[in-house]
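Here's the letter readout for the chains.
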Amino acid sequence: MALKKALVRHPQSRQPAKPHPQAQPHLREHSIIRLQQIIGNQAVQRLLSAPPQIQRKKFSTQEYQWISDVWDLPEIRLMFQAYDKIPDPILHRVVALDGAEGSTSGVNISIADKSYSERSVYQDASGNPVTTTDENEFKSTLLHELFHFFFNETAHIDPTALITPSVMQTMLIYPDKFGQNKGAYGWFQHPTSGYILHFDLSQTSNILSSDAYVDPETTLGKIKSSGAYESSPMPQSGESISPEEDLAAVMGLYLTSPDSRATLKAQYPKRYKMISGYFDRVLPSIVQQKKKEAEQD
């Protein structure tokens, strides 16, 4: 059965806000050179030619460096190599996105001022709390939106032929199909409405919400009452999220900083194992296979 959309979604990713007519793209010369080294001249030319009305602010010198840092991550390089047929993303800096921190629309990724307005608190390897910096907040938003970009741009690929981010989404919802316990990540498909829900969603306990309620006497109800599942790393766990948003948050935690990765590993070990396997085993095998195929041509 085809999956229905999740009942609710987190407002982190939305369509770009109405652009300012006088906004102009801005790139410093040394930033262009650095970006050319990281993402290639073609992508830079596309960034330069982006419609001026879309980019409402200038990226700062620091933000350019942070973008370069993200593109230089081995995991991000692997994603571009594994899914080499997808277009290059175009980055935009905007003032606001209707309350969202970032937005992904087609090849366009926009980052808003709100990226800096809320501070996440990670825990380092010793378990001590660490408040995030501007750098980590910016990188976290960019990585979050990059996941949506790769998720959308690989949607046409047959997941049985090539593992894509959508396969991880399927694993979140149906872990029992991958040798794990049913409901291991807290996600499930409601037996009557078909909605994709998380056990932490308050409506799953509301008997008046027939589309979301989980009967305690059913298999799903027993999993919910046992607490033998992993919550979501999104804010207000389970309240305003979808599996795709869940995974975008996981990628952000995994790649933003050593502290964010330590937080993911400590608080969401099942998700940590999933994403680390994706980057450590799945993507390298795809890249190696592509290299072999190229050598045979």
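Preceding block: the structure.
Residues numbered from 1 in each chain as written. Predicted model: local features only at pLDDT ≥ 70, side-chain atom pairs only at ≥ 80, totals over all residues. Heavy atoms only, no water.

**Focus on the packing of aromatic side chains**
To be explicit about the condition: Working definition: a ring pair exists when centres of Phe, Tyr or Trp rings (six-membered ring for Trp) sit within 6.5 Å. Plane angles under 30 degrees give stacked, over 60 give edge-to-face, the rest tilted. Here's how the labels work: a residue is buried when its accessible area is under 20% of the maximum for its type, exposed when over 50%, partly exposed in between, all with a 1.4 Å probe on protein chains only. Runs of H or I in DSSP of at least four residues are treated as helices and runs of E of at least two as strands, each being numbered from the N terminus.
Counted by the stated rule, this structure contains 13 aromatic pairs. With 6.2 Å between their ring centres and 25 degrees between their planes, Trp 71 and Phe 80 make a pair best called stacked. According to the relative accessible area criterion, Trp 71 is buried, its value standing at 5%. Between Phe 80 and Phe 150, the aromatic rings sit 4.9 Å apart at their centres with planes inclined by 65 degrees, giving edge-to-face as the arrangement. Taken together, the residues span a long stretch of sequence, with Phe 80 in helix α4 (residues 74-82) and Phe 150 in helix α5 (residues 134-153) at a distance of 70 residues.

**Some thoughts on unusual backbone geometry**
The phi dihedral of Asp 98 falls on the positive side, at around 55 degrees, and the residue is not glycine. Tracing the backbone shows Asp 98 in the loop between β1 (90-93) and β2 (102-105).

**Points about the sheet that holds β1**
For clarity, the cut-off: By this definition, two strands are paired if DSSP reports at least two bridges between them. To obtain an axis, a line is fitted to C-alpha atoms, over the contacting stretch when the element is a helix, and the angle between two such axes runs from 0 to 180 degrees between their N-to-C directions.
What the three strands build is an open sheet, ordered β1-β3-β2; its pairing is mixed. Of all the strands in the sheet, the pair left with one neighbour each is β1 and β2. Put simply, the sheet's adjacent strands are angled 20 degrees from each other on average, direction ignored. In the sheet, β1 pairs with strand β3 (residues 108-111) via four bridges, with the strands oriented parallel. Counted as the bridge partner of His 92 is Ser 110 from β3.

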